Every structure is written in C-alpha cells, then in structure tokens.
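Report on the structure
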Amino acid sequence: MAVTTAVADLGPALAELTLAFTPSTEALRSLAATFQEEVVRGLDGRGSSLRMLPTFAEQPRGDERGRVLVVDWGGTHVRVGAVDLAGRGEVEVVAERTVTFTESEKVAPAALVFDAIASGIGQVAGAARRRLVPLGFVYSFPARLERIDRAIALGLTKGWRLAGLEGEDIVGLLQAALRRAGVAGVVVNAVANDAVAPLVLHTYHARGRDPAARPAEIGLILGTGTNLAAELPGAGIRNMESGNFSGVRAVETPWDAALDREVEDPAPGAQRLEKMVSGAYLGEIARRVVAYLAGSTGRFRGATAAPFRAPFAFDTANLSLIAADRSRELSRIGALLRRFGVDSSAPERRTVRRLAALIVGRSARLVAACLIGTLGHIDRALEADHVVAVDGSLYGGYPGYAQMVRGGLEELVGRQPAARIRLAFVKDSTSAGAAIIAAVAARREAEALGAGRQYPRQRRGRRRGEQGKGGRRTP
Ligand code: BGC
C-alpha cells in the first residue's frame, strides 16, 4: 500500500513570501530618503553606512589616446591586460591574461598575490619600451584613496583575507612587485574602484562622438557584489561603497536577517544592501527560503538534506535559468532541482519560479531606491536628464533585470521624471574604464608639469593585437 505524507497547500506560504519580499512603495520611498540623508552624512563625515570615498578620478574628454596597461582585481580571478585608446571614444582590449587564485592563496601573504599579478603584467607588457607605460589598477574592494595613485586598503570583502594588506598602499605594493619581477617602464599611475569604470567609459564613448555630450553621473555595479560611484556637486566622483548601506534593515525578511547573522565574512551588519541585492547572495536567499518551505509545508522532497543544505550551494546564476524556463511543465526547473537532490511537482516548480522573481524583483527595486537617493542629492526635483552607466553579471544576465530597475524608478518618482533617467548598460567596463582613468591621470600629470609632455603613445611599428589573442573592441 502506498504511504502518503500530508503536504500543505503552497498558496498561503506563497502569499507570506510575496508580502515579505515586496516592500511597499512607501517603504521604498523612505529607503530612498534614508539613502539620500546618508549620502550627505557620509560626505560630511558625520557617520554613515555609505563611505563616500574620494576617487580623484576625473571625467575623460573622449580624445585620450595611447596604450595603457590594466589590472582588474575584483573576484577570484585577477585580469591583467593591455588596452589601446584610439580617441573618438574608441577602446580596444588588445591583450588579456587571467591570473587565478585558490582559496588558500586568498588568505596568503599579500606579497605573493602581488607577485603573481606583476608576472602577469610582465607577460602582457611585452618587450622593452621606449616610453613609460601607464597602468590603471581597478581594485574592487574598499580602499581610501589619498591621491589618484595612492590607495590605502581597508578591510577586504568577497572572501579575501590577505595578510599584510589592510592599511597598506596597494599602488606601492604593486609597484614594488613589478620591480621584484623585473618589469621595467610600467608606472602604476591610477587606482580606482570598479564602480568608477562604467561611469568614465560611458562618458568616453559619448564625448568621443560629441565633445558636448552629457557625461554619466553614476556608475553602478551589479554582479557578485554591488556598488555605486557618483559625480556629486562639489565633491567630485565618489566611491560610495553602497553595498554597505544599512537602511535596508527596515525591509529585511527573516531569511535576510539569518543570512546576515550566519555569514562570517563580511561580518554581521556589514554589506547589508549587498547581501540583499547582489549575485553573491540571491541564490543563497532562495536556497534558504526553499529549505524553509520544505520544512513548513512538507513539500520539496530532498530540500532539507544534502546537497541542497550546504550554504551557498545554490548559485545565483540558477535564478536566471529558472526565470528563462518557459516550458509548460517547467521541466528545466525540475531538472535543475533534481541536480540538487530535490524532487518537485509542477506546483512546487511554479513556486520556485515565483520565488526567484520575488527575490530578484526586490533586488531591482532596492537598487532603484538607491539610485533615486543618489539622484535626489544631485538634482532634488529631478528636472534634468541623467545617465546611469551600469555593468555586472546580474544586471546583464538575469532576464528582464534592467526593466525591473526601470519599473522601480517609475514606481518611486513617476513616469515622466523616471524617463529622464537613462540606464546605459556598459558591458565589460572594467579594463577599458581602468585604461581611461589612467590615461586621464597621465594627461593631467603632463599638464601639471606644464612641459607639454605627451601622454605616452603606442610605439610605432607595433601592430594591434600583436600581444593578444583576439582583441575585444567596445562600441
Ligand atoms: C566592494 C566594492 C565593489 C563592489 C562591486 C563590493 O563588495 O566592497 O568595492 O565595488 O563589491 O564589485
């Protein structure tokens, strides 16, 4: 005789989740207002969860030219590359190498990591140079810049805990590693956060075509982590470290609170916005909620056991797969859950689909609130046009994410004002952005020296793509 276990209807549970993951419009507006207040407090140094760090980066003119080396350090991999700026807003990544680090190397002495990066730079830099080559270093972790080429590392994020890094100047560490590696003629002349990259890259493209074009005022990263950079009246371009915004506590669910409590790094209380909106966490939130549903409704057989029980087992990329399943029986969702040892019925698969939409939809609405908070500081009545330049795998990879952010903007400020905010997706902005920041810094330095020195040009005789396999051109 077949034994049946009582399972609860999923309807009430889904209603509970919908409520929990859908902050009201009023709550969202109040979040935007809190964000705006924190922008001001952060700028005034009055204590804010937004760090509002000076970047010393300046908007490009669009006519910057020449070869620049770049380092992009933001996740497990570090990319090193060579980029050609052609003026007219054109950028070409002509060589790129990836340096990969193991989990144990992420907690090693910092010098080892810098040595590996320096040797990668040696490979892309090629043979001896006649002129000094500038290098732009994108460091996608919190750092306090004292100049465009001096950045004191604050606490690391994203699982890195290098010994001997916090409190040190990362430009000095890289330059020293280049010396140790025997890489001559490379000057690390600019360091920047990745959130600055889409901002300057968008401006470079736009002004390269039309020198009077409107610059991007905001750079937004929405990938593994999240952050905003913004050019603010009287304050220049700031790295807001918005992933640390703590106002979102006001709309947290029990699953967010538990995640914050249980994850050790970043510490409880830190990176609260990031923990509710970015790619590193959305899959984990979904996993926790499904496990809760399994426990409370007797559904989702297998979800309370390994492998689904392992924290962070369920990657955020799975939410994109879930959203993309248009089949009638949601068979791809079924197959995905089976890979995690979860047996599902059609109503359960529909619930998972709805849950993914709720979690990612909330992410987009929270991001919209932060954008309105930032823009409110720049232009209180939202009278002018504004450009937000966005990059990141979540924004680019989750079906319909951009439209959801737009929907959030409209919900917050109404259709007309929201139409004045342009969200421009600037894919793969980091290396190109780093090159632009370094080129602008080099030009500014040459101007300051007043000797009419030119920003180093590409050596005559070297052909494009000589050092790399398959150059990548951004439009
Ligand atoms: C870091 C930021 C970075 C963001 C996006 C966050 O975890 O603190 O500095 O910009 O991730 O990569």
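Bear in mind that the values here come from a model prediction, so they are computed numbers and not experimental data. (Residues numbered from 1 in each chain as written. Predicted model: local features only at pLDDT ≥ 70, side-chain atom pairs only at ≥ 80, totals over all residues. Heavy atoms only, no water.)

Within the chain one finds 15 helices and 14 strands. Overall size of the chain, expressed as C-alpha extent along the three principal axes, is 90 × 50 × 40 Å. When contacts within the chain are restricted to residue pairs at least 6 apart in sequence, those whose partners lie at least 24 apart make up 71%. By element, 51% of the accessible surface of the chain is carried by carbon and sulfur atoms, the whole surface being about 19900 Å². Positive and negative side-chain charges of the chain, numbering 63 and 50 respectively, have mean locations separated by a distance of 5 Å. (Helix = DSSP H or I, 4+ residues; strand = E, 2+ residues; numbered from the N terminus. Contact = heavy atoms within 4.5 Å. Areas by Shrake-Rupley, 256 points an atom, 1.4 Å probe, with all protein chains shown as cover. Lys, Arg positive; Asp, Glu negative; His and termini not counted. Charge placed at Lys NZ, Arg CZ, Asp CG, Glu CD.)

So, on to the packing of helix α1 (residues 11-20) against helix α8 (residues 279-297). Running from amino to carboxyl end, α1 crosses α8 at an angle of 145°, the nearest separation of the two axes being 11 Å. The crossing of α1 and α8 is right-handed. Contact with α1, carried on its side by A13, E16 and L17, involves V289, Y292, L293 and T297 of α8 and no other residues of that element. In the contact of α1 with α8, the residues fall into five nonpolar, one polar and one charged. (Axes fitted to C-alpha atoms, helices over the stretch in contact; angles between N-to-C directions. Left-handed = near helix turned anticlockwise from the far one by under 90°. Nonpolar A, V, L, I, M, F, W, Y, C, P; charged D, E, K, R; others polar.)

Counting residues in hydrophobic clusters, the biggest one holds 78 residues, and the most contacted among them are F300, L319, L366, L371 and Y401. A per-element tally of this core places helix α11 (residues 346-378) first, with 16 residues. For L371, the contacting residues outside a window of four places in its chain are I218, L220, L228, V388, V405, L409 and L423. I117, L162, A177 and V191 belong to the second-largest nonpolar core, a separate cluster that totals 40 residues. (Core = buried A, V, L, I, M, F, W, Y, C linked by side-chain atoms within 4.5 Å. Buried < 20%, exposed > 50% of the residue type's maximum accessible area, 1.4 Å probe, protein only.)

The next thing to look at is the site of the ligand. As a structural note, the neighbourhood of the ligand is formed by 14 residues, with K158, N193, D194, E241 and E274 the closest of them. Contact between the ligand and N193: an oxygen atom at 2.8 Å from a side-chain N or O atom of the residue. One of the side-chain N or O atoms of E241 is found 2.6 Å from an oxygen atom in the ligand. With the chains in place, 98% of the 310 Å² that the ligand exposes on its own is no longer accessible. When grouped by side-chain class, the residues that make up the shell around the ligand number three nonpolar, seven polar and four charged. (Near = heavy atom within 4 Å. Polar contact = N/O pair within 3.5 Å; in protein donor to acceptor, adjacent residues only side chain to side chain.)

Our next topic: unusual backbone geometry. Between D265 and P266 the backbone carries a cis peptide bond, its omega angle lying at 0°. One non-glycine residue, F312, lies in the positive phi region at around 65°. Along the chain, F312 turns up in the loop between α8 and α9 (317-324). Judged by its relative accessible area of 38%, F312 is partly exposed.

This brings us to the pairing of strand β12 (residues 386-391). Counting buried residues along β12, six of its six residues qualify, which places the element largely inside the surrounding structure. Side-chain alternation along β12 places H386, V388 and V390 on one buried face and V387, A389 and D391 on a second face that is also buried. As paired strands, strand β9 (residues 218-222) and β12 are joined by four bridges and run parallel to one another. Its bridge partner being in β12, G219 is matched across the sheet by A389. Sheet topology note: the β12/strand β13 (residues 421-425) ladder contains five bridges and is parallel. Residue pairing in the sheet places H386 in a bridge with I421 of β13. (Pairing = 2+ DSSP bridges.)

With that settled, consider the packing of aromatic side chains. What the rule picks out here adds up to 18 aromatic pairs. With a centroid separation of 5.7 Å and 75° between ring planes, the pair formed by W73 and F141 is classed as edge-to-face. On the criterion of sequence distance, the pair formed by W73 in strand β2 (residues 65-73) and F141 in the loop between β5 (133-139) and β6 (143-147) is long-range, its members being 68 residues apart. The exposure class assigned to W73 is buried, which follows from its relative accessible area of 0%. Judged by its relative accessible area of 1%, F141 falls in the buried class. Judged by centre distance (6.1 Å) and plane angle (70°), the rings of Y281 and F312 are edge-to-face. On the criterion of sequence distance, the pair formed by Y281 in helix α8 and F312 in the loop between α8 and α9 is long-range, its members being 31 residues apart. An aromatic cluster is built from W73, F101, F114, F137, Y139, F141 and W160, whose rings are joined through pairwise contacts. It is K158 that lies over the ring of F141; its NZ or CZ is 5.1 Å from the centre. (Phe/Tyr/Trp six-rings, centres within 6.5 Å; stacked < 30°, edge-to-face > 60°. Lys NZ or Arg CZ within 6 Å of the ring centre and 35° of its normal.)

Before going further, it helps to spend a moment on the environment of V40. Secondary-structure assignment places V40 in helix α2 (residues 25-44). Considered as a pair, V40 and T374 are 334 residues apart in the sequence and their alpha carbons are 9.8 Å apart. Beyond its immediate chain neighbours, meaning those up to four positions away, V40 contacts R46 and H377.

Applying the stated criterion to the full structure yields 31 salt bridges. Between E447 and R61 there is a salt bridge, with its nearest N and O atoms 3.8 Å apart. Taken together, the positions of E447 in helix α15 (residues 429-449) and R61 in the loop between β1 (53-54) and β2 put the pair 386 residues apart, joining distant regions of the chain. D428 is paired through a salt bridge with K427; the nearest N and O atoms lie 3.9 Å apart. The class of D428 is partly exposed, set by a relative accessible area of 31%. (Salt bridge = Lys/Arg side-chain N within 4 Å of Asp/Glu carboxyl O.)

A word on the sheet that holds β9. In space, the six strands of this open sheet follow the order β1-β11-β10-β9-β12-β13, with mixed pairing throughout. In this open sheet, the two edge strands, each paired with only one partner strand, are β1 and β13. Of the strands in this sheet, β9 and β13 touch helix α13 (residues 401-413), which is tilted by about 165° from β13.

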